[in-house]
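Residues per chain are reported as follows:
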Amino acid sequence: MITNTKLDPIETASVDELQALQTQRLKWTLKHAYENVPMYRRKFDAAGVHPDDFRELSDLRKFPCTTKQDLRDNYPFGLFAVPQSELVRIHASSGTTGNPTVVGYTREDLDNWAEQVARVVVAAGASDESMVQICFGYGMFTGALGLHYGLERIGATVVPTSSGNTEKQLKFMRDFGTDTIVATPSYCLYLAEAAREAGEEFPMDRYRLSLGLLGSEGCTPEMRDQIESRWGGGFFCTDNYGMSELNGPGMSGECRERAGLHINEDHFLCEVIDAASGQVLEKGSTGELVVTNLTKRGLPMLRYRTKDITRIDYSPCACGRTTARMHKIIGRSDDMLKIRGVNVFPSQVESALINIKHISPHYQLVVRRKGYADTLEVRVELIDGSLLEKYAELEALQKNIHDRIKAILGIEIAVSLVEPKSIERFTGKAQRVVDLRGQE
Ligand code: DLL
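The structure reproduced in this document is the subject of the present report. (Residues numbered from 1 in each chain as written. Predicted model: local features only at pLDDT ≥ 70, side-chain atom pairs only at ≥ 80, totals over all residues. Heavy atoms only, no water.)

**Re the side chain of Glu 381**
1) Next: Looking at where Glu 381 falls in the secondary structure, it is placed in strand E19 (residues 373-382).
2) Next: Looking at Glu 381, the relative accessible area reads 2%, which means it is buried.
3) Next: A polar atom in the side chain of Glu 381 sits 2.9 Å from the side chain of Arg 425.
4) Next: Look past the residues within four positions of Glu 381 in its chain and what remains in contact with it is His 358, Ile 359, Ser 360, His 362, Val 418, Glu 419, Pro 420, Lys 421, Ser 422, Ile 423 and Arg 425. (Helix = DSSP H or I, 4+ residues; strand = E, 2+ residues; numbered from the N terminus. Buried < 20%, exposed > 50% of the residue type's maximum accessible area, 1.4 Å probe, protein only. Polar contact = N/O pair within 3.5 Å; in protein donor to acceptor, adjacent residues only side chain to side chain. Contact = heavy atoms within 4.5 Å.)

Next comes the structure, spelled out in structure tokens:
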């Protein structure tokens, strides 16, 4: 088990040690799923595979993948592998289309989950000295309670403010001397802006924030720099990743080196596949992340297609951990916009926008269909509304933004500069894409 001063031995284990543990745990998981979840039994039988066919890690690719649709089709409890009496918690993802995805945990699952999160937050620099404000919505979302128990496990002082109520958030931060914040990157940025706006009454030196544990949505390094500089005072952010189907937060997180997110590989076995063909790709390639949970009792997930695009780096990290690191999520395969045959990820636009003067880091991508062709409009918010009256300056700014984005994406786009604060702010995950194709 991890403490805030000592790593769990598995975090520095050799490849052989780790793979032996993964193999043993995977054997158990395949058997557990096959014997207790009718859907897995049906899928394995249809693919002509049996848990006994698994002898070494490379055999995993013979087994079928699981998708979000499988969870929806078996809503709410059809994929649970234990009787309800053994479950001690249920969470669900919001599910903007169709049924939400429902996930369940046994006591042992919760214990493992807290351990996974504890490792992630310790790698980021949290400790029993930390005063942590959790600004994720408490409730069915896994983010808040996931971080909550992981942070309590290492002895941090947790302040469960939940999301929203910005003034109150800032008041507690000042009055409690909060040094660590848990939030989405977009909400962390929003809070920094609100703190600056209230700066006359409460100067920025009243805040003690030094660490941001940011996750649940993408954040380019450029956006991270902006968030850090808005807070100022040496504020340092790390990225952490996970998904409800695989417990929630705690699958991986950055250490202070910020050279990728260390994966808790004794609990999660990762593969990277080609999203179109489903083929497993060579180590180090970029593609869709597929994850198998190695220790989950309540809801075993086998070869779960995350739809998240990344690559995995197996080289040693300067921090001393030997676990593999996933690159920051580049985008989701279903978030990826295809504009006139070109793949576009919101993160590419984000990195083009950062560091341009006079604009805020809030943006939106609006996609439309004109005839047979798709068009992309990038809406960018001005910091100072009076610029809207200065035509020449506005035009120069628009051209600069246009040229930068075009150079990165390689396609023609339209840029609209909009009034300060006119783009919606989110306290949870930000929605950057407005897809109007087929709706106008
Ligand atoms: O967002 C779990 C979580 C909560 C992770 C808090 C980290 C911190 P879901 O609501 O099921 O679970 O959403 C999972 O969010 O497939 C990614 O597309 C996206 N996502 C999560 N973390 C990151 C991240 C939680 N660090 C989906 N970077 C995932 C980019 C992320 N995308």
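Once the structure has been displayed, the description carries forward.
**Observations regarding the layout of surface pockets**
1) Next: Counted as a void, the second largest pocket has a volume near 720 Å³.
2) Next: Lining the second largest pocket are 30 residues, and of these Gln 19, Glu 265, Cys 270, Lys 283 and Tyr 314 lie nearest its centre.
3) Next: Counting only elements with at least two residues in the lining of the second largest pocket, the list comes to helix H1 (15-36) and strand E10 (268-273).
4) Next: Of the residues belonging to the lining of the second largest pocket, the class tally is 16 nonpolar, 9 polar and 5 charged. (1 Å grid on protein atoms, 1.4 Å probe; cavity = no way out; pocket = protein on both sides within 12 Å on 5 of 7 lines; lining within 4 Å. Points joined across faces, edges and corners; volume = space filled by probe spheres on them. Nonpolar A, V, L, I, M, F, W, Y, C, P; charged D, E, K, R; others polar.)

**Things to note about the sheet that holds E10**
1) Next: One open sheet holds the 4 strands; their spatial order is E10-E11-E12-E15, and the pairing between them is antiparallel. Where the open sheet ends on each side, the last strands, each with one partner, are E10 and strand E15 (331-332).
2) Next: The sheet contact formed by E10 and strand E11 (residues 287-293) spans 6 bridges and is antiparallel. Across the sheet, residue Phe 268 finds its bridge partner in E11, namely Asn 293. (Pairing = 2+ DSSP bridges.)

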